[in-house]
Amino acid sequence: MFGSSLKIGKLVKIENLTILVEITERDIVNSISLKSGINDFVVSINKFIYAVLPNSKKIIARISKIYDRNLFINDNIFTDTQGKFLVEAELVGIYDDYLKKFDTGINTFPIIGSELYSINQEIYSSVLKIDSEYLLDLGKSYNDPNLSLFANPDILLGKHLGVFGNTGTGKSCTIASILQGIKRRLKDKSGRNIEVNPKIIIFDSNNEYERAFPTNEFRVKVVKKDELKLPHYYLSFTEYYKFLGASQGVQAPVLKAVIEKLRQDNGNTDSFAFADLHDGIVKHIETMTNNNAYNFNQWFGWNATLINRIDRIVEDERIFPLIETDQNTVEEILTCEEEIIIIQADFDKDEFDIVMFLFSKLLYKWSLNNRVSSSRKNILVLFEEAHRYINEEENADYKLGNYYIERLAREGRKFGISLIISSQRPSELSKTVLSQCNSYIVHRITNKNDLEFINKLLSKSNTNLLKLIPGLERQYAVVIGEAFGYSDIIKIETASPTPLSDDPKVINNWKKEI
């Protein structure tokens with residue numbers, strides 16, 4: 001299809017960036033497909049066409065609608081089909097034949113009556129081309145399966161990436177394919193393979209990624225749930241107030257005084273025992289009130305909720321061993337030789353909230369302190385099933401995870417921290433985090449709220465492309481954003497091996513042996 005340009009019709013209407021084309025070529029009319037993504041047809045939804053401008057440049061448009069102008073007229077075998085079909089398309093940019101370059105800026109419009117042509121592979125390649133020192137092969141174009149689509153890895157992996165889609169549409173396989181591609185399909189401009197030593201941290205909520213990274217190719221470290229150690233004492237006073245829900249009027253000053261005293265008793269170091277906070281608060285109130293029973297009871301009552309919060313954490317066998325420790329898993333991860341660190345993160349909601357708060361804090365602090373001295377300059381963190389702990393509408397009891405991940409999203413890039421946010425429910429995610437993403441890979445989404453959210457989040461120029469999202473097949477996705485040459489539908493390169501996210505085999509599991 002893309003080997004040469006074929007005339008398809010003439011321009012009959014221009015309205016803002018929308019053009020209307022009357023099909024004039026009989027052979028092309030007979031080749032029209034009303035179904036998106038059929039690659040054997042010259043004219044179909046999402047394909048590109050062009051007209052020649054008065055300055056000899058080509059203005060490119062993406063087909064958004066195809067319809068019969070006589071839709072409501074009874075068929076007549078004597079009616080000439082010439083000019084019967086109309087194509088609506090959105091102008092997207094201008095191609096310069098001399099420079100062999102595509103530009104999304106539009107400052108010249110075609111003339112009514114101009115002839116329209118199908119786009120050839122040379123022009124299409126230019127539309128998708130990226131100007132980057134390095135290239136990461138993501139997969140094949142849906143419009144032309146012979147054409148690879150590349151991303152700028154410095155943007156895709158150096159800034160923040162959102163990966164969305166319903167369960168079973170291929171999100172995990174897409175992420176695995178991208179991470180495998182860093183080792184397998186990363187090239188420079190001349191096409192030479194580039195060897196890298198990445199540092200990638202995966203919060204594996206469903207324990208499915210270990211299979212995707214064979215140890216004969218990747219250096220992998222798996223951190224089990226009960227091996228995760230995140231010492232609390234790296235928190236600042238403000239973060240302790242957040243962590244323990246201390247009110248600013250009474251509880252925060254008391255908590256600060258107690259922490260300062262515990263640190264002083266521990267040799268003026270940052271560390272102290274979290275379990276000592278309860279007794280420390282009681283002693284501090286006794287000192288403040290000179291053991292006056294009435295005043296003591298009043299102050300104790302004001303600090304009761306703070307004390308209860310401390311006691312609940314100390315008594316929680318899941319959380320307390322995780323934070324009451326001198327071992328720092330984050331530091332161990334960032335200084336180890338392994339490239340892929342998989343954290344088994346099948347936590348309960350209250351665990352997740354605290355784990356994300358402390359992990360993100362320790363990651364941010366380490367990166368800030370070691371940005372200049374460490375040879376490890378960039379860290380990529382994958383938050384899988386992110387709607388579970390980066391939730392916009394979550395109540396106050398589960399806001400800790402949001403607090404520091406939002407800070408990582410806003411400030412992390414200047415310290416070498418980039419994020420991949422993966423979720424099947426993007427409408428529930430923190431808008432602060434998503435607004436910091438520069439690139440998006442969107443698989444099939446059918447939920448109305450999620451579709452509306454995606455449409456609001458992304459550029460108006462991609463509206464027609466986004467309308468195709470509910471009909472995408474598994475492994476296909478819309479790629480949008482700064483990392484890509486232009487927004488398009490892509491068949492993601494197959495991950496090998498795949499994560500452990502296979503569809504359920506219910507009948508095979510139930511079937512009786514004969």
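Reading the values: rules and limits
- Residues numbered from 1 in each chain as written.
- Predicted model: local features only at pLDDT ≥ 70, side-chain atom pairs only at ≥ 80, totals over all residues.
- Heavy atoms only, no water.
- Helix = DSSP H or I, 4+ residues; strand = E, 2+ residues; numbered from the N terminus.
- Buried < 20%, exposed > 50% of the residue type's maximum accessible area, 1.4 Å probe, protein only.
- Contact = heavy atoms within 4.5 Å.
- Areas by Shrake-Rupley, 256 points an atom, 1.4 Å probe, with all protein chains shown as cover.
- Polar contact = N/O pair within 3.5 Å; in protein donor to acceptor, adjacent residues only side chain to side chain.
- Phe/Tyr/Trp six-rings, centres within 6.5 Å; stacked < 30°, edge-to-face > 60°.
- Core = buried A, V, L, I, M, F, W, Y, C linked by side-chain atoms within 4.5 Å.
- Pairing = 2+ DSSP bridges.
- Axes fitted to C-alpha atoms, helices over the stretch in contact; angles between N-to-C directions.
- Parallel < 35°, antiparallel > 145°, perpendicular 65-115°, else oblique.
- Left-handed = near helix turned anticlockwise from the far one by under 90°.
- Nonpolar A, V, L, I, M, F, W, Y, C, P; charged D, E, K, R; others polar.

Visitor: Where do I start with the overall build of the protein in this structure?
Guide: Counting its regular elements, the protein contains 17 helices and 19 strands. Viewed in the frame of its principal axes, the protein has a C-alpha envelope of about 105 × 65 × 50 Å. Residues classed as buried in the protein amount to 51% of the 514 residues present. Considering only contacts in the protein between residues 6 or more positions apart, those separated by 24 or more positions represent 71%. For the protein, the exposed area adds up to about 24300 Å²; of that, 47% sits on carbon and sulfur atoms.

Visitor: Whenever I open this one, the side chain of Asn120 confuses me. Can you help?
Guide: You can see Asn120 is positioned in the loop between β7 (115-118) and α2 (121-128). A relative accessible area of 14% places Asn120 in the buried class. A polar atom in the side chain of Asn120 sits 2.9 Å from the backbone nitrogen of Ile123.

Visitor: Even after reading the chapter, I still don't get the packing of aromatic side chains, so can you show me in this structure?
Guide: In this structure the tally under the stated criterion is 23 aromatic pairs. Judged by centre distance (5.5 Å) and plane angle (70°), the ring pair of Phe347 and Phe352 falls under edge-to-face. Note on Phe352: relative accessible area 1%, which makes it buried. Taken together, a centroid distance of 6.0 Å and an interplanar angle of 75° make the contact between Phe383 and Tyr389 edge-to-face.

Visitor: Would you mind showing me how to read the nonpolar core here?
Guide: The nonpolar side chains of soluble globular proteins are, as a tendency, buried together. Counting residues in hydrophobic clusters, the biggest one holds 109 residues, and the most contacted among them are Phe203, Phe243, Leu277, Phe383 and Ile421. If one sorts the elements of this core by residue count, helix α12 (residues 349-370) sits on top with 11 residues. Leave out the neighbours within four places in its chain, and Phe203 touches Ile343, Ala345, Val355, Met356, Phe359, Val381, Leu382, Phe383, Glu384 and Tyr389.

Visitor: Is there a simple way to think about helix α5 (residues 237-244) in this case?
Guide: Where α5 is concerned, the buried positions are Glu239, Tyr240, Tyr241, Phe243 and Leu244. Following α5 by one or two positions, Gly245 adopts a phi angle in the positive range, close to 60°.

Visitor: What is the right way to look at the pairing of strand β2 (residues 18-23) in this model?
Guide: The two faces of the sheet receive side chains in turn, since in a regular strand these alternate between them. The buried fraction of β2 is high, at five of six residues. In this antiparallel pair of consecutive strands, strand β1 (residues 7-15) and β2, the connection spans two residues, and Asn16 shows a positive phi of 55°. Relative to strand β5 (residues 85-96), β2 is paired through five bridges, and the arrangement is antiparallel. Along β5, the bridge assignment pairs Thr18 with Glu90.

Visitor: Which parts of the structure should I look at to understand the packing of α5 against helix α6 (residues 251-265)?
Guide: Helix-helix packing: each pair is described by the crossing angle between the helix axes and the interaxial distance. At a minimum axis distance of 10 Å, the contact between α5 and α6 shows a crossing angle of 120°. Here α6 runs oblique to α5, going by the angle between their axes. For the pair α5 and α6, the sense of crossing is right-handed. Within the contact between the two elements, α5 uses Phe237, Tyr240, Tyr241 and Leu244 and α6 uses Ala252, Leu255, Lys256, Ile259, Glu260 and Arg263. Taken together, the residues that form the contact of α5 with α6 break down as seven nonpolar, no polar and three charged.

Keep in mind these numbers describe shape, not what the thing actually does.
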